[in-house]
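An overview of the molecular structure
These are the residues of each chain, in order.
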Amino acid sequence: MQEAGKGKLAVIFFIVFLLACFIFISWMHMAPIHKDGGDALIVLGYKCMNNEIHSILKDRLDAALDLYCLKSFQYIILSGGATGSETPEARLMEAYLLDKGVSKDRIILEEKATDTLENLYYSKQIIRKKGLEKCTVVSSSFHLHRVIRISRKIGFPIKAYCRRNCKGLLYQLPLTFNEIQIFIGTYNRLKDFAKEYE
C-alpha cells in the first residue's frame, strides 16, 4: 500500500511539474506584439560566433524585414557590439539587410551594446538624438517580456514585435528556461542602472 501511495504521489508531482512548465512557457511567449508603423525599428543583436549570423538573430532580422516591408518606418536601428566575434553584431546585421535590399541610408548602427540593457539604453539615446518618437523593438518571443520590463524601467516607451510559429517556439524552448536566470541577473543590474549609466 505504501509503495502504491508513493507511486500516486510521484505521478501527481510529475503532472503538476508539467503543468507548471506549460504555464511558464505559455506566459513567456505571450508578451503582446504590435505590427504598427513608426519612426524606427530596433533589432536587438544576438551573440554571433566566427562572424556568422546566429539562427536566432537571422529570425529577428527576417521578422524585422517582414514588418519593414509591411509598415512605414524611417529607420532600422541595429543594436549589438562584438560579444562573440571580432565584427560587431550590428555590422553583421547591416550586411544581411543590405543583401536583402534595404537601403544603407535607412540603417543606423549601434555597436557598443553587450547585453539587452545596453541595447535598449544606447538605442534610446539614438532615438532622442534623431528626434524620433515611435519605435518598435524586434527580438525573439522568449525575450520580449524582459525587453518590455527593461524599457519601462529606463523610461523608454516602445512597442515590441517578434515572429511566432511552432518551429521557432520549439527551437527557443531551451532558451525560454535559461531566461529565468538571465532575468534575475538583469533585475540586479537594473538596481544599479542609475549609477552605471546616468
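**Comments concerning the environment of I182**
With respect to the helices and strands, the residue I182 is situated in helix α7 (residues 173-191). The spacing of I182 and R146 is 36 residues in sequence and 9.1 Å in space, taken between C-alpha atoms.

**A short note on the pattern of salt bridges**
Considering all chains together, one arrives at eight salt bridges under this definition. R163 is the salt-bridge partner of D59, the closest N and O atoms lying 3.2 Å from each other. Residue D59 is located in helix α2 (residues 55-70), and its partner R163 is located in the loop between β5 (159-161) and α6 (166-171); the two are separated by 104 residues in the primary sequence. Here R91 ties to E111 by a salt bridge, and the two come within 3.1 Å at their closest N and O atoms. Within this pair, whereas R91 is found in helix α3 (residues 89-99), its partner E111 is found in the loop between β3 (107-110) and α4 (116-130), the two being separated by 20 residues in sequence. Taken together, the salt bridges that share partners define one network made up of K58, D59, D62, D66 and R163.

**Points about the packing of α2 against α3**
One can describe the packing of α2 onto α3 by two numbers: an axis separation of 11 Å at closest approach and a directional angle of 45 degrees. Looking at the two axes, α2 sits oblique to α3. Between α2 and α3 lies a crossing whose hand is right-handed. Counting all contacts with α2, which are made through L57, K58, L61, D62 and L65, the residues of α3 involved are M93, Y96 and L97.

**Details of the packing of α4 against helix α5 (residues 144-153)**
Running from N to C, α4 and α5 point in directions that differ by 50 degrees, and their axes come no closer than 10 Å. The angle between the axes of α4 and α5 places the two elements in the oblique class. Viewed along their axes, α4 and α5 form a crossing whose handedness is right-handed. On α5, the residues that touch T116, L117 and L120 of α4 are R146, V147, I150 and S151. Tallied by class, the residues present in the contact of α4 with α5 amount to four nonpolar, two polar and one charged.

**Points about the layout of surface pockets**
In this structure, the largest pocket encloses a volume near 470 Å³. Elements with a contribution of two residues or more to the lining of the largest pocket: α4 and α7. For the lining of the largest pocket, the element with the most residues is α7, which contributes seven residues. For the lining of the largest pocket, a count of residues per class yields six nonpolar, 10 polar and seven charged.

**A closer look at the nonpolar core**
Within the largest apolar cluster, 26 residues are counted, with the highest numbers of intra-cluster contacts made by L41, V43, L61, I76, L78 and L97. Listed by contribution, the elements that provide at least two residues to this core are β1 (38-44), α2, β2 (73-79) and α3. A per-element tally of this core places α2 first, with eight residues. Setting aside residues no more than four positions away along its own chain, L61 makes contact with V43, I53, L78, M93, Y96 and L97.

**As for the state of the cysteines**
Taken as a whole and assessed by the stated rule, the structure comprises zero disulfides. Left unpaired, C48 is separated from the closest cysteine sulfur, that of C162, by 19 Å. The cysteine C135 is free of any disulfide, with C162 supplying the nearest cysteine sulfur at 16 Å.

**Some points on the environment of A40**
Along the chain, A40 turns up in strand β1. Residues A40 and E133, spaced 93 residues apart in sequence, show a C-alpha to C-alpha distance of 8.2 Å. Excluding its chain neighbours within four sequence positions, the residues that come into contact with A40 are F73, Y75, I77, I127, L132, K134, C135 and T136.

Rules behind the numbers
- Residues numbered from 1 in each chain as written.
- Predicted model: local features only at pLDDT ≥ 70, side-chain atom pairs only at ≥ 80, totals over all residues.
- Heavy atoms only, no water.
- Helix = DSSP H or I, 4+ residues; strand = E, 2+ residues; numbered from the N terminus.
- Salt bridge = Lys/Arg side-chain N within 4 Å of Asp/Glu carboxyl O.
- Axes fitted to C-alpha atoms, helices over the stretch in contact; angles between N-to-C directions.
- Parallel < 35°, antiparallel > 145°, perpendicular 65-115°, else oblique.
- Left-handed = near helix turned anticlockwise from the far one by under 90°.
- Contact = heavy atoms within 4.5 Å.
- Nonpolar A, V, L, I, M, F, W, Y, C, P; charged D, E, K, R; others polar.
- 1 Å grid on protein atoms, 1.4 Å probe; cavity = no way out; pocket = protein on both sides within 12 Å on 5 of 7 lines; lining within 4 Å.
- Points joined across faces, edges and corners; volume = space filled by probe spheres on them.
- Core = buried A, V, L, I, M, F, W, Y, C linked by side-chain atoms within 4.5 Å.
- Buried < 20%, exposed > 50% of the residue type's maximum accessible area, 1.4 Å probe, protein only.
- Disulfide = S-S within 2.5 Å.

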